[in-house]
Amino acid sequence: MAIDRRKVLLFGSATTLRLLLFFAFPSLPDLLTGRVEISTPVTSFKRLQEGLFLYTHNVSPYDGGVFHQAPLLLSLFALIPSSIFSPLTSLLYIALDLLCVNALIQIAESDEAGSSRLFTSPRRELKWDSVAIGAAYLFNPFTIATCIGRPTSVFTNCAILYAISKAVSGKPMSSILALGLASYLSLYPLLLLPPLILLCYDRQARNKKVTLYISTYSVKYTSMFLGTNVWFLYLSNILTAGSWEFLSSTYGVQLLLPDLTPNMGLWWYFFIEMFDSFREFFLGVFWLHLGGYVGGLCIRVRKQPLFVIITLLGIFAIFKPYPSLSDTSLYFAMLPLYRHVFPLMRYTFFAMATILYATMLGPAFYYLWIYAGSGNANFYYAITLVWNLGLSEIVADSLFAVLRDEWEVERPEMKGKDVRQI
Amino acid sequence: MDGELNQNGVALTLELARYFKRWSLWSKDIIILITADSRAGPQAWVDAYHDEHISPYVAPLPIKSGALQGVVVVDNALDHHFESIHIVYDGINGQLPNLDLFNTAVSIASGQLGMRVALQRMWKHDDSYRERLQTMLRGMVRQGLGHSSGPHSSFIPYHVDAITLQAVGEGGQDDMAMGRCIESIFRSLNNLLEHFHQSFFFYLLMQADRFVSIGTYLPSAMLVAVNFTIMAIALWIRSGRPPAPKVATTMREKGSKPDVDIIQKDGMAAIMPKETTTILERQMFVPVSLAVSLHFLGVIPLYMFNHCSFETLPYYFLLFTAVNLVLPTVLAAFIHHQTSLTAQQYLLLHSFSLLLLGMFLATLATLNFSLSLFVGLLSAPLSFIGNSFSGSVEPKDVFPSQRRKIISTVALQLVSPPVVILAVCYFWGTNVGEMLVEAAFGWKVNGLWMQVIIWCVWWPAWLAGSVLVSPAL
C-alpha cells in the first residue's frame, strides 16, 4: 500500500503538536475544559467524569441532574483504567481528531463538492487538495482548543464526518449507521438525515447502482435510521440496568433546555430573561426555527446535497441549544471543500475579522463578568451576538456564493454582473 | 508602603480591634491582617484565603469566614499628627474598586471629619483644570502600569473592593480622627450587606469628588484601536485590486477595446474599466504565517525578562535594545532572501499585522483602558508607514521609496518598546533595572500581565511595521 508522505507528515505534526500541548502544559487541559466556549452542559468532560464516577460506583449517573450525556460514552470511558485515565483519554481524543481528518480527506478526494450528480461547477478547478483541507482542520486553533478541552461533542463530529464520507463513497448503510450514532449521541444530527439520504441517493444514482425511486429509497433508509436508533437506545437501556431514566436527562435536556449555563449560543439568555409561562411556546419556536432550515435548503440547493449538509452544520453552530467551539470547528472544517466559490463571497474579510474580534473579546467579557465582577451578563451576551453575527455572515455569504455559482451556469450571460432583486 | 514602618497604623488597628469587640452590631467577621511585607504579604494571604496559593511557597489557610466584603488598609508611618488622608485605590492590572467604597471614604473623611483628602499624590489640589488633568493623567499612568500600588491592590483581582488610607503631611489630625474615619467606613460597609450593585467599576478620578465615567472615556481608546482595524480593511481592499490598466497602450491598439463594465445604480449608468470592479485572488499563506510567527517571537523577550536573575536584568535589557535596533533589518533581509514579497503580499502583511493589533487593543481597552490607550498612541505611526493613502497597487507605489523607508525606520526606532521604556525611566529618574524587577515581581507574585501586552502585542506589531519599512526588504 502506498503511503502518502504528505499525509504522514500532516498526521505526525498534528499529533506532535497535540501531545506537546497535553503533556508539556499539564494545566492547559483543565483550563480549557472549564471554559464555557468549549464545554457545554451536554458535552462537558468534567460532567462526564462525574457521571463516570457515579456509574463505576453503581449509582445511577442520571439521578443528580448533572450528567446529560449518552450511556454508551460512559461504558466506553469506563473501560479505561483509572490509573492511566488522563493520558489515555488524551490519546483517545488525538486519535479521534485524526479519524475526523481521515474522513474529511476522503470527502475531499471524492470531489463531490466540485461536481455532484446534478451540477458541475464551472469553477471546480479552483480547489485545495485534500491534505491542505485536512491541515486547515487540524491546525485550526478552534479544533486544537476543542481537542485539548475534551468535550464529548468530538465523538458526534467524528460520527457526522464518517456519515458524510461513507455517503460520498457510495455506502449508504454505513453512512446511515454513523448518522444514527451521531444523533444517538447528541440528537441534533437527526436533522441531517434528509440531505444525507439525498447525498447517498445521488452518489449511487450517479454510478447507476440504484434501482429504487427516491421515495422508496428514502423510506428504506429512514426506517433503517430509526432501527439504528432504536438499537442504540435498547443497548443503552441494558447498560443502565434496564432503566429509561437516561432518555429524559439526555434528550430531554437537549429539547427542554433546563440547564442555562452560559455558552456561545443564543438560547440561554433568552430563556433566562423569559417569563416561565412563555417558555414552552418559545422552546417550540426555537426548535421549529432550527428544523425549518432543513426542508428549505434541501429543496433550494437540491443539486448539491453536500452543501446543504455543510450549511446546516453552520446553522447548528449558531442556533442549536448548546453550541460550542467544536461545532464551529466542524463547520470550518467542511467549508474549504467549497473553496471554488470563495471568490464569489463578498464579506469574507469582514466576517473573519468579526469572528476574530469576538474570539478575543468573548473571554475578556466573560472575565469581566465572572471574575472581576465589573461587567455583567449583558457584556458576554453581546459578544455572543457578535460571534453569531460573524458566523451567520459566513453561512449566508457561502450560500449566496453557491447559488450564484449555480445561477451563472443557468445564465452564462450574467456572469460577473450584479444581481438585483426585482 | 514606601518602605517605612507602619508603626501608628498597626497600633491603631490593634486598638480598633479592642474597640470593635465591645460592639454587637457587626453583622460580619472582621479580620485583621498585619504582614511583614506590604505587597507580597497580603497577596500570599489573599491567595491562601481563596485556595489559589502556590503550594510550597505559601502555606494554606484552613480557617475562613465566607466571602470578603471589603478591605481598608491603614497606613500611618508618621510619628506626629497628620494633615490629610491620601486614598490609594489602584488594583492589579488596572482594575479598580467599586467607586462607592471610594466615595464613602471620601465623604466620611472630608464631610464628617473635615480632613483633606488627596489622591494620586496630588498634595495640593486647587480644583483648577491643570490640577484635575494632572490627577487624571497620574491615575491613568498608574492604571496602565497596573502594578501593585499598596497592600490593597492584591485584593481587587478577587473582586474584593479595597482601598488604602494613608496619613500624610503635618497638621492637626491625630490617631483619634483616623480611628473614627475607619470605624465609620466599617459601619458603612456593614449597612451594605448586599454587594454594591450597579455602580461604577470603570472610572478615572480627577479629584476626590469628580470622575469621568466609562461612557465618556472609552470611545477614545476604542477609536485609537479601531483606526488600526480601519487601516487593515483599507489595505485588504486595496490588496484585492488588480494592477491599473495601461490605458495609453491599449487605446492605441486598433480593434482591441478596453474591457469595460457598465455599472447601473439609481437609474444612472457609468462605464468603468473592468479592472476596477474585479477582485484579484489573494495569496495569503505567506503574509498570514509571517504575521503569526512574528507574534510568537514575542514569547522570547517575555521569557527572558521574567526568568533571568536580578543582577543580569539590566544587561539583558541593554543587549535586547541593541539587538532590537538591527533585528528588523536582519529579518527583512532574511525574508527577502527566502522569498521576495509581491506588492499584494506586502499589503496583506501590513493589513494582518494591523488587524491583530487593533483587535488586541480593542479587547485590552475593556480590561485596562489606560494601557490600551498608551500602547495605541505609541503604535499609531504603524498605520502611516508605507504609502498608506494611495489606492494604487503598482509595486512602485506600494513599496515606499528608499528615502521614505529610512525616515520611517528612524521614526519607528524612536517609538520602539525598549526605547520607550528607557525614555520613561530617564524621565522619571528611575533605574531600568528597578523597573524591570518591579515588572518581573508583578508577573510572578501578583499576576501582572503588562509585560504580555508589551512583548506579545506591541512589540510584534512594531516589529512587523519595522520590517515592512526596512531598507533591506
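Parameters at a glance
- Residues numbered from 1 in each chain as written.
- Chains lettered and ligands numbered in written order.
- Predicted model: local features only at pLDDT ≥ 70, side-chain atom pairs only at ≥ 80, totals over all residues.
- Heavy atoms only, no water.
- UniProt positions renumbered as here; feature names shortened; annotations may be inferred.
- Helix = DSSP H or I, 4+ residues; strand = E, 2+ residues; numbered from the N terminus.
- Rg over C-alpha atoms; globule rule 2.2 N^0.38 Å.
- Buried < 20%, exposed > 50% of the residue type's maximum accessible area, 1.4 Å probe, protein only.
- Contact = heavy atoms within 4.5 Å.
- Areas by Shrake-Rupley, 256 points an atom, 1.4 Å probe, with all protein chains shown as cover.
- Lys, Arg positive; Asp, Glu negative; His and termini not counted.
- Charge placed at Lys NZ, Arg CZ, Asp CG, Glu CD.
- Salt bridge = Lys/Arg side-chain N within 4 Å of Asp/Glu carboxyl O.
- Polar contact = N/O pair within 3.5 Å; in protein donor to acceptor, adjacent residues only side chain to side chain.
- Nonpolar A, V, L, I, M, F, W, Y, C, P; charged D, E, K, R; others polar.
- Pairing = 2+ DSSP bridges.
- Axes fitted to C-alpha atoms, helices over the stretch in contact; angles between N-to-C directions.
- 1 Å grid on protein atoms, 1.4 Å probe; cavity = no way out; pocket = protein on both sides within 12 Å on 5 of 7 lines; lining within 4 Å.
- Points joined across faces, edges and corners; volume = space filled by probe spheres on them.
- Phe/Tyr/Trp six-rings, centres within 6.5 Å; stacked < 30°, edge-to-face > 60°.
- Core = buried A, V, L, I, M, F, W, Y, C linked by side-chain atoms within 4.5 Å.
- Domains from an automatic or database assignment.
- Parallel < 35°, antiparallel > 145°, perpendicular 65-115°, else oblique.
- Left-handed = near helix turned anticlockwise from the far one by under 90°.

In the nomenclature of an unreviewed UniProt entry, chain A is known as PIG-U-domain-containing protein of Stereocaulon virgatum. Per UniProt, the comment on chain A under Sequence similarities (unreviewed entry) is "Belongs to the PIGU family." The UniProt entry for chain A carries the following text under Subcellular location (unreviewed entry): "Endoplasmic reticulum membrane".

Bringing the overall build of chain A into the picture now. A tally of regular secondary structure across chain A gives 18 helices and zero strands. For chain A, whose C-alpha radius of gyration is 22 Å, the value lies close to the compact-globule estimate of 22 Å for 422 residues. The C-alpha extent of chain A, read off along each of the three principal axes, is 65 × 55 × 50 Å. With 422 residues in all, chain A has 56% of them scored as buried. Considering only contacts in chain A between residues 6 or more positions apart, those separated by 24 or more positions represent 74%. With an accessible surface of roughly 18100 Å², chain A has 67% of that area assigned to carbon and sulfur atoms. Charged side chains of chain A number 31 positive and 26 negative; the gap between the two group centres comes to 9 Å.

Here we come to the interface of chain B and chain A. Counting residues at the interface gives 20 residues for chain B and 16 residues for chain A. At the junction of chain B with chain A, the criterion picks out zero salt bridges. For the pair chain B and chain A, the number of links is two residue pairs in polar contact (both at pLDDT 80 or more). Contributions of two or more residues to the side of chain B that touches chain A are made by α6 (214-239) and α12 (343-367) of chain B. Of the residues forming the side of chain B that touches chain A, the biggest block, 10 residues, is contributed by α12 of chain B. Split by residue class, the side of chain B that touches chain A holds 12 nonpolar, seven polar and one charged.

Here we take up the sheet that holds strand β4 (residues 161-173) of chain B. One key point about sheets: their strands pair by backbone hydrogen bonds, in either a parallel or an antiparallel sense. Residue and element names in this part refer to chain B. Taken together, four strands build an open sheet; the order of strands is β1-β4-β2-β3 and the sheet is mixed. With one partner strand each, in any of the chains shown, β1 (70-75) and β3 (116-119) form the two edges of the open sheet. Mean inter-strand twist for the sheet, computed between neighbouring axes without regard to direction, equals 30 degrees. Of the strand pairs in this sheet, strand β2 (residues 82-88) and β3 are connected by four bridges, and their pairing is parallel. The partner of I87 across the bridge, within β3, is L119.

A word on the layout of surface pockets. Residue and element names in this part refer to chain B. Here the second largest pocket defines a volume of roughly 1600 Å³. In this structure, the second largest pocket is lined by 45 residues; those nearest its centre are V141, L145, H147, W428 and M435. Elements supplying a minimum of two residues to the lining of the second largest pocket: α4 (129-145), α13 (369-378), α16 (417-428), α17 (432-446) and α18 (450-469). When grouped by side-chain class, the residues that make up the lining of the second largest pocket number 26 nonpolar, 11 polar and eight charged.

A separate point is the packing of aromatic side chains. Residue and element names in this part refer to chain A. With the rule as written, the count across this model stands at 52 aromatic pairs over all chains. Ring geometry for Y93 and F155: centres 5.8 Å apart, planes at 75 degrees, overall edge-to-face. Here Y93 is found in helix α5 (residues 85-110), whereas its partner F155 is found in helix α8 (residues 153-168), with 62 residues between them in sequence. Aromatic ring contacts, followed pair by pair, group W268, Y269, Y366, W369, Y380 and Y381 into a single cluster.

A few words on the nonpolar core. Judged by nonpolar contacts, the single largest core of 215 residues is most densely connected at F77, L306, M334 and L337 of chain A. Two domains each donate at least three residues to this core, and these are domain 1 (7-208) and domain 2 (219-240 + 283-468) of chain B. Counting residues in each nonpolar core, the second largest holds 36 residues, with F82, I87, A105 and Y203 of chain B among its members.

So, on to the packing of helix α15 (residues 305-319) of chain A against helix α18 (residues 377-410) of chain A. Residues and elements named next belong to chain A. The contact between α15 and α18 brings their axes to 9 Å, and the two run at 165 degrees. Judged on the interaxial angle alone, α18 and α15 are roughly antiparallel. As α15 packs across α18, the resulting crossing turns out to be left-handed. Residues F307, T311, G314, I315, A317 and I318 of α15 form the contact with α18, whose participating residues are N388, L391, S392, V395, S398, L399 and V402. Looking at side-chain class alone, the contact of α15 with α18 contains eight nonpolar, five polar and no charged residues.

All names here are of chain B. In the numbering used here, UniProt assigns the feature "transmembrane region" (unreviewed entry) to residues 217-237, 284-303, 315-335, 347-365, 371-389, 410-429 and 449-469. As annotated, residues 284-303 has a helix share of 90% and a strand share of 0%, and its two end C-alpha atoms lie 30 Å apart. For residues 449-469, the helix share is 95%, the strand share is 0%, and the end-to-end C-alpha distance is 30 Å.

Our focus in this paragraph is the side chain of S154 of chain B. All names here are of chain B. Inspection of the secondary structure puts S154 in the loop between α4 and β4. There is a polar contact of 3.2 Å between the side chain of S154 and the side chain of Q43. Beyond its immediate stretch of four places on either side in the chain, S154 contacts R39, P42, Q43, V46, I92 and N446.

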